[in-house]
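# Geometric and topological summary
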Amino acid sequence: MEFINASTRPTEVQSTAGTPGAAGNGFAQLTMYKERPVDGEISIEDFEKYALDRLRILKAIEEAKLRSKTEDVIQQEVRKHWEKHMQAGSKQAAHRKDLISHYILRLAYCRTADLRNWLLQQECLLFKYRFKHLYKSQQVEFFTSMGLPYHAISDDEAAELAEDLAAVFKATGDYGKVNAVANSHRTDTPRRLGGDYELSDEG
């Protein structure tokens with residue numbers, strides 16, 4: 001990735017990595033960040049702006065958690081901050097900004113274990129709130145596109161796991177239906193069960 005002066009910057013190169021979702025601001029364009037930003041040019045000004053915009057969202061999540069706000073309130077605030085700070089003109093540009101800003105912060109916060117842990121925690125929460133924003137069909141499509149083994153647990157399985165489910169619900173603050181996801185592809189950190197599956201709230 002090259003850095004250029006904003007005054008000599010050409011028309012923005014659109015990313016072709018991945019398949020962006022339907023939301024123009026990129027909130028529903030969920031990714032596991034396995035893909036790196038496409039090669040191209042970015043001005044130093046945009047490099048700084050992308051990092052600060054994403055950091056504002058992560059800081060807002062941290063502050064909301066510290067104030068013990070409800071999950072629904074945090075969900076709304078996260079989407080509001082995302083729409084405010086991550087607008088980029090098109091779905092492709094928003095997807096590109098999402099990728100670049102994520103990797104910039106990974107670079108900036110790799111210096112110490114505390115910084116890495118802070119970033120990981122906030123990024124996991126951001127991922128969770130974006131995932132919960134998706135419709136059920138979009139959640140299933142996301143699991144499939146990422147190659148994640150998935151099935152919705154039955155009522156019988158839920159009854160067998162009632163104690164563990166209660167712990168998950170308490171941790172997530174969400175009492176919706178629960179899905180089962182293979183441990184080898186963990187997408188959240190509610191609670192790992194003793195076996196082949198962990199539980200992930202459907203949102």
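These figures come from a predicted structure and were not determined experimentally. (Residues numbered from 1 in each chain as written. Predicted model: local features only at pLDDT ≥ 70, side-chain atom pairs only at ≥ 80, totals over all residues. Heavy atoms only, no water.)

With that settled, the discussion passes to the pattern of salt bridges. Tallied over the entire structure, the rule returns 12 salt bridges. Arg130 is paired through a salt bridge with Asp98; the nearest N and O atoms lie 3.1 Å apart. On the criterion of sequence distance, the pair formed by Arg130 in helix H4 (residues 113–133) and Asp98 in helix H3 (residues 91–108) is long-range, its members being 32 residues apart. Among the residues examined, Arg130 registers a relative accessible area of 1% and is labelled buried. (Salt bridge = Lys/Arg side-chain N within 4 Å of Asp/Glu carboxyl O. Helix = DSSP H or I, 4+ residues; strand = E, 2+ residues; numbered from the N terminus. Buried < 20%, exposed > 50% of the residue type's maximum accessible area, 1.4 Å probe, protein only.)

Right, let's get into helix H1 (residues 44–66). Note on helix geometry: an α-helix contains 3.6 residues per turn, so any two residues three or four positions apart are oriented the same way. Taking 1.5 Å of rise per residue, the 23 residues of H1 would be expected to cover 33 Å, and the 33 Å separating its terminal C-alpha atoms lies within 8% of that figure. For H1, the complete set of buried residues consists of Asp46, Tyr50, Ala51, Asp53, Arg54, Leu55, Ile57, Leu58, Ala60, Ile61 and Ala64. Elements in contact with the buried residues of H1: strand E2 (41–43), helix H2 (71–85), H3 and H4. Phi turns positive, to about 55°, at Ser68, one or two residues after H1. (Expected span 1.5 Å × (residues − 1). Contact = heavy atoms within 4.5 Å.)

Structurally, the position occupied by Asp53 is in helix H1. Among the residues examined, Asp53 registers a relative accessible area of 4% and is labelled buried. Beyond its immediate stretch of four places on either side in the chain, Asp53 contacts His85, Met86 and Lys97.

With that settled, the discussion passes to the packing of H1 against H2. Where H1 meets H2, the axes come as close as 9 Å, and the angle between the chain directions of the two elements is 165°. Compared by their axis directions, H1 and H2 come out roughly antiparallel. As H1 runs across H2, the sense of the crossing is right-handed. The residues of H2 that touch H1, namely those facing Asp53, Arg54, Arg56, Ile57, Ala60, Ile61, Ala64 and Lys65, are Glu71, Ile74, Glu77, Val78, His81, Trp82 and His85. Classifying every residue of the contact of H1 with H2 by side-chain character gives seven nonpolar, two polar and six charged. (Axes fitted to C-alpha atoms, helices over the stretch in contact; angles between N-to-C directions. Parallel < 35°, antiparallel > 145°, perpendicular 65-115°, else oblique. Left-handed = near helix turned anticlockwise from the far one by under 90°. Nonpolar A, V, L, I, M, F, W, Y, C, P; charged D, E, K, R; others polar.)

Of all hydrophobic cores here, the largest spans 22 residues; its most connected members are Leu58, Ile61, Val78, Leu105 and Leu126. Listing elements by their share of this core, those giving two or more residues are H1, H2, H3 and H4. Here the element with the most residues in this core is H1; it accounts for seven residues. Excluding residues within four positions of it along the chain, Leu105 makes contact with Ala51, Arg54, Leu55, Leu58 and Leu119. Counting eight residues, the second-largest nonpolar core is a separate cluster that includes Ala28, Leu30, Phe142 and Leu148. (Core = buried A, V, L, I, M, F, W, Y, C linked by side-chain atoms within 4.5 Å.)

Its identity as a non-glycine residue notwithstanding, Tyr33 has a phi of 60°, on the positive side. Classification of Tyr33 as buried rests on a relative accessible area of 10%. Its identity as a non-glycine residue notwithstanding, Ser68 has a phi of 55°, on the positive side. Along the polypeptide, Ser68 turns up in the loop between H1 and H2. For Ser68, a relative accessible area of 63% corresponds to the exposed category.

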